[in-house]
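# Geometric and topological summary
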Amino acid sequence: MGWCRANDFFRILTEPEHNMIKQQQALIATEGVELIFTDAAIRQISKVAEEVNTLVDNIGARRLHTILERILEDISFSAPEQVTRIPAFMLGNNAPKWSICICTHL
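Keep in mind that this is a model prediction, so the values were computed, not measured.

## Points about the confidence of the model for the protein chain
Summing up the model confidence of the protein chain, the mean pLDDT is 75 and the portion of residues at 70 or higher is 71%. Per-element confidence in the protein chain ranges from a low mean pLDDT of 41 for helix H5 (residues 88-91) to a high of 93 for helix H1 (residues 6-14). Below a pLDDT of 50 lies the segment residues 85-93, which in the model reaches six contacts outside its immediate sequence neighbourhood of four places, other chains included. Contacts for the low-pLDDT stretch residues 95-99, under 50 throughout, to residues beyond four places or in other chains number 18 contacts.

So this is what it looks like as C-alpha cells:
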C-alpha cells in the first residue's frame, strides 16, 4: 500500500467530484443542517490522517473515513438539537435550517 502524505489526503478530500467531504455534507443536509468545512479544517484532517497512519497501521486513504466518522459522530446524532437557529429572513428560501462550521482554532 502506498504512503499518503497530508497533501495527498487533502487532494482526496477535495478534488473528486463526489469526495468524502461532499458526501458528509449531503448526509447531514438530510437533517436540514449545512455542514461547512473550512480549508484549514480539511488540511488539519489531512495532517491527522498522515500522523495516525504513521503511528498506527498505514491503511492509506481509508484512514480518512475513520477520522471523518469520529469528527462527525456527535454532529450526526444531535446536530439539529445542538445548533443555534438562524432567523429565516437572513437565509433566504433555499437555505438550510441550521449551519455547522467545522473549523480549526488558530
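## Structural notes on the packing of aromatic side chains
By the definition in use, this model includes zero aromatic pairs. Here Arg 43 stacks its cationic end above the ring of Phe 10, 3.8 Å away from the centre of that ring.

## Focus: the pattern of salt bridges
Overall, the coordinates contain three salt bridges when judged by the stated rule. We note a salt bridge from Arg 5 to Glu 50, for which the minimum N-O separation is 3.2 Å. Of this pair, Arg 5 sits in the segment before H1 while Glu 50 sits in helix H3 (residues 39-55), and the two are 45 residues apart along the sequence. A residue is classified by how much of its surface remains accessible, and Glu 50, at 18% relative accessible area, is buried. Among the ionic pairs, Arg 43 bridges to Asp 39, the shortest N-O distance being 3.4 Å.

Definitions and cut-offs
Numbering of residues begins from 1 in every chain and follows the order in which that chain's sequence is written. Owing to the predicted nature of the model, reporting of local features is limited to residues with pLDDT of at least 70; listing and counting of side-chain atom pairs is limited to 80 or more, with chain, interface and lining totals taken over all residues. Excluded from the side-chain calculations are hydrogens and water; all other atoms, namely the structure's heavy atoms, are used. Along the chain, pLDDT gives the predictor's confidence residue by residue, from 0 to 100. Strands are runs of DSSP state E lasting at least two residues, helices are runs of H or I lasting at least four, and both sets are numbered from the N terminus onward. In this description, contact between two residues means that some pair of their heavy atoms is separated by no more than 4.5 Å. Put simply, two rings from Phe, Tyr or Trp (the six-membered ring, in Trp's case) pair if the centres are within 6.5 Å, and we call them stacked under 30 degrees between planes, edge-to-face over 60, tilted for the rest. Lysine NZ or arginine CZ positioned within 6 Å of the ring centre and within 35 degrees of the ring normal marks a charge as sitting over the ring. Salt bridges are identified by distance alone: a Lys or Arg side-chain nitrogen within 4 Å of an Asp or Glu carboxyl oxygen. Buried, partly exposed and exposed residues are distinguished by accessible area as a fraction of the type maximum, computed with a 1.4 Å probe on protein chains only: under 20%, between the cut-offs, and over 50%, respectively.

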